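Now for the letters of each chain:
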Amino acid sequence: ELKVEQNPLFLSMQEGKNYTIYCNYSTTSDRLYWYRQDPGKSLESLFVLLSNGAVKQEGRLMASLDTKARLSTLHITAAVHDLSATYFCAVVLQYNNNDMRFGAGTRLTVKP
Amino acid sequence: DAGVTQSPTHLIKTRGQQVTLRCSPKSGHDTVSWYQQALGQGPQFIFQYYEEEERQRGNFPDRFSGHQFPNYSSELNVNALLLGDSALYLCASSLLKGGYEQYFGPGTRLTVT
């Protein structure tokens, strides 16, 4: 069974600092997604990573994928308050477009 | 271009009742997936519909059923509501062949009392 683990689950950081969120998954996967969710809101797509070694960057966020290690990272550079949210990684089983499994989420708080 | 829409936004039901949630996919998308997100947790896959058929189902009881219409919109029905069914229900639309993105709707917040 595919399991997706994120850590840390809670992250409090100061503005201007860097940090990395980790996402491990247990079986072979076609692709990995990162989503952002603000309180009471829906999921906003950040990145879709499709192959080993894929790296994508948008603003202060950069995501990477290592399919051999079954690991994805979401790196935050020089955090700002607006990045405060919950971040989820999600994995789709290989050859199965039907079932997206989510991690438990990382609740990020960026303090001034 | 409207994105994924869901209705209603909020809903309060009593234990034992039945509820129907609705979803319209993003224009051009043909596949609708439903997820349940309990407070403080990640979304859990309920099922997916394509060409008006359920393609796959997550670990949810038969009380959860769905339907997809010819215009690709979808309904999620939950019978015999339990307190534990209280959650945010998210609909996601995608293109089955050749698409990687899943676009999520704003969700329906269901409270069972």
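Residues numbered from 1 in each chain as written. Chains lettered and ligands numbered in written order. Predicted model: local features only at pLDDT ≥ 70, side-chain atom pairs only at ≥ 80, totals over all residues. Heavy atoms only, no water.

Listed as interface residues are 19 residues of chain B and, on the opposing side, 19 residues of chain A. Both sides together, the interface formed by chain B and chain A hides about 1700 Å², and carbon and sulfur atoms give 47% of it. Per-residue buried area on chain B facing chain A is highest for Q56, Y100 and F104 of chain B; these three make up 31% of the total on that side. If you look at where chain B meets chain A, you find zero salt bridges. Across the chain B-chain A interface, the total number found is four residue pairs in polar contact (both at pLDDT 80 or more). A breakdown of the residues in the side of chain B that touches chain A according to their chemical character gives nine nonpolar, eight polar and two charged. (Contact = heavy atoms within 4.5 Å. Buried area = accessible area lost by both parts, 1.4 Å probe. Salt bridge = Lys/Arg side-chain N within 4 Å of Asp/Glu carboxyl O. Polar contact = N/O pair within 3.5 Å; in protein donor to acceptor, adjacent residues only side chain to side chain. Nonpolar A, V, L, I, M, F, W, Y, C, P; charged D, E, K, R; others polar.)

Okay, the nonpolar core next. Ranked by internal contacts, the top residues of the largest apolar core, which has 25 residues, are L32, W34, L74, I76, Y87 and L108 of chain A. Put simply, the parts of the chain that give this core at least two residues each are β2 (10-14), β3 (19-25), β4 (29-37), β5 (43-49), β7 (61-66), β8 (71-76), β9 (85-93) and β11 (106-111) of chain A. Those residues in contact with L32 of chain A, other than ones at most four positions away along the chain, are C23, Y25, F47, V48, L49, L65, S72, C89, A90 and V91 of chain A. The next biggest cluster of nonpolar side chains, apart from the first, holds 20 residues, and it includes V4, Y49, V78 and L81 of chain B. (Core = buried A, V, L, I, M, F, W, Y, C linked by side-chain atoms within 4.5 Å. Buried < 20%, exposed > 50% of the residue type's maximum accessible area, 1.4 Å probe, protein only. Helix = DSSP H or I, 4+ residues; strand = E, 2+ residues; numbered from the N terminus.)

Another aspect to go through is the environment of E1 of chain A. Residue and element names in this part refer to chain A. Mapping E1 onto the fold places it in the segment before β1 (4-7). Exposure remark for E1: the relative accessible area of 76% places this residue in the exposed category. Sequence separation of E1 and S26 is 25 residues, and the distance between their C-alpha atoms is 7.8 Å. Not counting the four nearest positions on each side in its chain, E1 is found in contact with S26, T27 and R101.

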